[in-house]
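Architecture at a glance
The chain contents come next:
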Amino acid sequence: MTAPTQEPAVLQGRPQRARGEGRLATKASAAGTRLDVFYQEGCAKIRLPRTFDGTMEAVLINTAGGLTGGDRIDWRLDAAAGTHLTATTQACERIYKASAATAAVETRIAVGASARVDWLPQETILFDRSSLARRLEVDLAGDAAFLAVEAVLLGRKAMGEEVAAGFFRDRWRIRRAGRLIHAEEARLEGEVARLAGERAVLAGARAFATVLFCGTAADAQLEPLRRLLDGAQGGVSQWQGKLVARLVADDGLALRKILVPVISHLRNGAGVPKVWSL
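Residues numbered from 1 in each chain as written. Predicted model: local features only at pLDDT ≥ 70, side-chain atom pairs only at ≥ 80, totals over all residues. Heavy atoms only, no water.

Comments concerning the overall build of the protein
In terms of helices and strands, the protein carries three helices and 17 strands. Relative to a compact globule of 278 residues, whose C-alpha radius of gyration would be 19 Å, the protein shows 21 Å and is just as compact. Counting only C-alpha atoms and orienting by the principal axes, one finds that the protein spans roughly 90 × 50 × 35 Å. Across the 278 residues that make up the protein, the buried fraction comes to 48%. Accessible surface, the protein as shown: approximately 14,000 Å² in total, 50% of it carbon and sulfur. When the 38 positive and 31 negative side-chain charges of the protein are each reduced to one mean point, those points stand 2 Å apart. (Helix = DSSP H or I, 4+ residues; strand = E, 2+ residues; numbered from the N terminus. Rg over C-alpha atoms; globule rule 2.2 N^0.38 Å. Buried < 20%, exposed > 50% of the residue type's maximum accessible area, 1.4 Å probe, protein only. Areas by Shrake-Rupley, 256 points an atom, 1.4 Å probe, with all protein chains shown as cover. Lys, Arg positive; Asp, Glu negative; His and termini not counted. Charge placed at Lys NZ, Arg CZ, Asp CG, Glu CD.)

Description of helix α2 (residues 218-228)
Within the sequence span of α2, burial applies to A218, Q221, L222 and L225. Down the axis of α2, the buried set is contained in an arc of 125°. They therefore lie on one face. Seen from the open side of α2, the exposed residues pointing more than 90 degrees away from its buried face are A220 and R227. Those residues of α2 hidden inside the fold are in contact with β15 (207-214), β16 (233-239), β17 (242-249) and α3 (252-266). (Arc of directions from axis to C-beta. Contact = heavy atoms within 4.5 Å.)

Brief notes about the pairing of strand β6 (residues 84-89)
Taken across its six residues, β6 has five buried, putting it largely inside the fold. Both strand β4 (residues 56-62) and β6 contribute to a ladder of five bridges, which runs parallel. Within β6, the position partnered with V59 by the bridge is T88. With five bridges joining them, β6 and strand β9 (residues 116-120) adopt parallel strand pairing. (Pairing = 2+ DSSP bridges.)

Put into structure tokens, the structure is as follows:
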């Protein structure tokens, strides 16, 4: 008699999750902004394109190719006194369907005396039943300047994608000299398509963005930006040394056509990072 064949055991385990951490710090030199600290781990990578104007540009990369439930990436940027750092992403960040848990992205930025940071990631694309919790923490010195742009797409209209349900939470905390000067929470949960269709939310728009500028020249930017946005869906407000614009559009391309001149204006005529493309 032959022994019965034993079925191989089925291994049960947790799906592998993406983890990444990237840190970058600048220092001032006679030639302009230079690298001081550089650290990258896991799926978080940083590349530094060559610049010729004394500033530094950092391109943040998620080599996992997107995020899903349970993934986590942490970024830390420190701009020392008198330096100028622009940070962007290599591509749009894609947030895929999550079978369980929530993807998390946390960004912490410190801007020293007379320094400036432009936080200009490309759009975040939410797919159907995705789940993302995002957090931005910024500490500014008394005379530091900070520009932030965050854009979100509810699927890609050209691809016929719909985001019927999901979870998205975005938390911002901006402090100057230790005092909270800006706090906001955005949240879409459950029936995202229905919520986005509400007039008080997005009125059916598929793309939206927040632009924040903190600096001594914020008040002078209000009227020029309002003229620049004439006819666009959105508005601009300015108070207590900060300027905030809220923008919506039918799709990502339409939103970019609005954002690019806004960013250029707030960067004193400098264009968007080279990795951006229309």
